[in-house]
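These are the residues of each chain, in order.
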Amino acid sequence: MLRFLAIRNLAVIERLQLEFEPGLNVLTGETGAGKSIVVGAVGLLVGGRASADLVRTGADGATVEGLFDEGGREVLLRREISAQGRSRAFIDGSLATSAAVREVSGALVDLHGQHEHQVLLDPASHLDLLDRFAGADGTRSQVATTFTDWERARVERARLAERQRETAAKADYLAFQLAEIEKVAPKPGEDEEVAATRQVLANADRLQRLCAEAYDALYDGDEAALRALGQVWRRVADLAAIDERFAPHLRARDAIKPQLEDLAHILRSYSAGIDAAPERLQEVEDRLAALERLKKKHGPSLADVLARAVELRRSLDEIAHGDEAAGGMDATLARARDAYCLAAGSL
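Residues numbered from 1 in each chain as written. Predicted model: local features only at pLDDT ≥ 70, side-chain atom pairs only at ≥ 80, totals over all residues. Heavy atoms only, no water.

Asks: Could you clarify how one ought to interpret the overall build of the protein in this entry?
Replies: Counting secondary structure elements, the protein contains 13 helices and 6 strands. Counting only C-alpha atoms and orienting by the principal axes, one finds that the protein spans roughly 145 × 55 × 40 Å. With 347 residues in all, the protein has 28% of them scored as buried. For the protein, contacts bridging at least 24 residues in sequence account for 61% of all contacts bridging at least 6. Total accessible area on the protein is roughly 23,200 Å²; 53% of this is exposed by carbon and sulfur atoms. Computing the positive centroid from 45 side-chain charges and the negative centroid from 57, the protein places the two 2 Å apart. (Helix = DSSP H or I, 4+ residues; strand = E, 2+ residues; numbered from the N terminus. Buried < 20%, exposed > 50% of the residue type's maximum accessible area, 1.4 Å probe, protein only. Contact = heavy atoms within 4.5 Å. Areas by Shrake-Rupley, 256 points an atom, 1.4 Å probe, with all protein chains shown as cover. Lys, Arg positive; Asp, Glu negative; His and termini not counted. Charge placed at Lys NZ, Arg CZ, Asp CG, Glu CD.)

What follows is the structure, given as structure tokens:
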């Protein structure tokens with residue numbers, strides 16, 4: 001209830017203070033006595049429109065203060081209007097927005113009068129009053145909850161339908177991209193392996209010549225290193241028989257000779273394993289070009305291409321199983337609708 005009202009420099013009122021008693025308080029007076037100004041002052045407190053015309057002539061500004069009792073708690077509202085028409089509102093001494101004032105005062109004041117807010121004439125308030133009178137607050141809360149669940153299910157179903165339309169429209173394109181990758185069937189790291197193979201085949205003649213020359217100098221030539229080393233080892237053996245200091249070098253022969261023989265074998269087998277045919281080089285060139293095209297379109301790396309293939313398969317799988325997801329969501333939507341209808345029917 002309104003317990004105290006103070007007005008300064010509002011319209012024709014220079015200063016006024018009113019204390020209200022519990023119960024019905026009546027202000028009477030002839031036309032022009034200022035009754036409407038008092039009601040207007042209360043309207044300003046609860047967020048009514050302010051203008052410079054309301055300020056008393058010659059005053060710098062007008063002030064309205066009201067002290068309310070809300071369930072044993074005091075609430076102080078104050079409204080200040082300058083002669084220039086600027087307005088400020090305060091709640092318990094703190095500056096507040098008009099929206100905050102209206103929210104707080106909605107439970108404190110109900111103005112009934114011409115051109116004023118009247119709760120009973122506001123259709124938005126009717127259901128609240130009716131539900132409270134019927135003692136249906138619990139059922140009403142259940143209706144609100146079930147409606148929120150139903151609405152959420154409807155939104156999710158609509159989103160799924162939209163995603164299905166979008167993905168179905170591009171399903172052919174996704175399948176084309178996947179087929180493009182699967183036709184080449186790249187393997188992890190294959191581009192580096194193929195590039196290395198191309199390097200070998202492009203230099204096949206030179207590699208074979210170098211292998212032959214090295215093999216000849218090491219093993220097969222008239223002055224082969226292994227033959228010359230045989231003579232060296234025989235002389236080192238004679239030296240070791242005379243002086244033990246040559247014995248360690250003689251024992252090193254057993255390690256050095258197998259290594260050189262292995263090298264000779266590698267040179268010979270490596271040279272024989274090189275496929276110097278032009279068609280083999282062309283085959284490798286074509287494979288590398290196919291991998292490079294995939295990397296340019298889906299890369300930049302071959303790992304990115306393989307990851308893209310996984311993503312495409314997943315998207316196509318989602319499209320293929322979209323009807324299953326839609327069926328499950330339709331069942332959820334139906335349950336949510338039935339729950340709402342049941343609660344609403346009870347209300």
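The rest of the description comes next.
Asks: What is the right way to read the packing of aromatic side chains from this model?
Replies: How two aromatic rings sit relative to each other is given by the distance of their centres and the angle of their planes. Going through the model one piece at a time under the given rule, you end up with 3 aromatic pairs. Seen in terms of ring centroids, F147 and W150 are 6.2 Å apart; in terms of plane orientation they differ by 90°. Their pairing is edge-to-face. One end of the pair is F147 and the other is W150, both in helix α4 (residues 137-169) and 3 residues apart, which spans about a single turn. On the basis of relative accessibility, which here comes to 15%, the residue W150 falls in the buried class. Three or more aromatic residues joined by ring pairs form one cluster here, namely F147, W150 and Y340. (Phe/Tyr/Trp six-rings, centres within 6.5 Å; stacked < 30°, edge-to-face > 60°.)

Asks: When you look at unusual backbone geometry in this model, what are you seeing that I'm missing?
Replies: As a rule of thumb, non-glycine residues mostly have phi less than zero, and peptide bonds are mostly trans rather than cis. At the junction of G299 and P300, the peptide bond is cis and its omega measures out at 25° in the coordinates. Checked against the element boundaries, P300 lands in the loop between α11 (278-298) and α12 (302-320). For N9, which is not glycine, the phi dihedral falls at a positive 55°. With respect to the secondary-structure elements, N9 resides in strand β1 (residues 2-10). Its identity is not glycine, yet D92 carries a phi of approximately 50°, on the positive side.

Asks: How should the sheet that holds β1 be read in this particular structure?
Replies: The strands making up a sheet associate through hydrogen bonds between their backbones, and the pairing can be parallel or antiparallel. The sheet built from 6 strands is open, its strands ordered β2-β1-β3-β4-β5-β6 with antiparallel pairing. What marks the edges here is a single partner per strand, and that holds for β2 (13-19) and β6 (94-96). Here the strands of the sheet are splayed against their neighbours by 15° on average, with no regard to which way each runs. Sheet topology places strand β3 (residues 61-70) next to strand β4 (residues 73-82); 10 bridges connect them, and they run antiparallel. By the bridge assignment for β4, F68 is matched with V75. Along the sheet, helix α1 (residues 35-45) contacts β1, β2, β3 and β4; its crossing angle with β1, the most-contacted strand, is approximately 105°. (Pairing = 2+ DSSP bridges. Axes fitted to C-alpha atoms, helices over the stretch in contact; angles between N-to-C directions.)

Asks: Just checking my understanding: could you explain the pattern of salt bridges for this structure?
Replies: Proximity of charged atoms lets side chains of opposite charge pair with each other. All chains considered together, the criterion is met by 18 salt bridges. E80 serves as the salt-bridge partner of R88, at 2.8 Å between the closest nitrogen and oxygen. Taking relative accessible area as the criterion, R88 reaches 47% and is therefore assigned partly exposed. With its nearest N and O atoms 3.0 Å apart, the salt bridge here joins K295 to D191. Remark: D191 occurs in helix α6 (residues 190-202) and K295 occurs in helix α11; sequence separation between them is 104 residues. In terms of burial, K295 and D191 fall into one category: buried. Each of R78, E80 and R88 takes part in one network of salt bridges that share partners. (Salt bridge = Lys/Arg side-chain N within 4 Å of Asp/Glu carboxyl O.)

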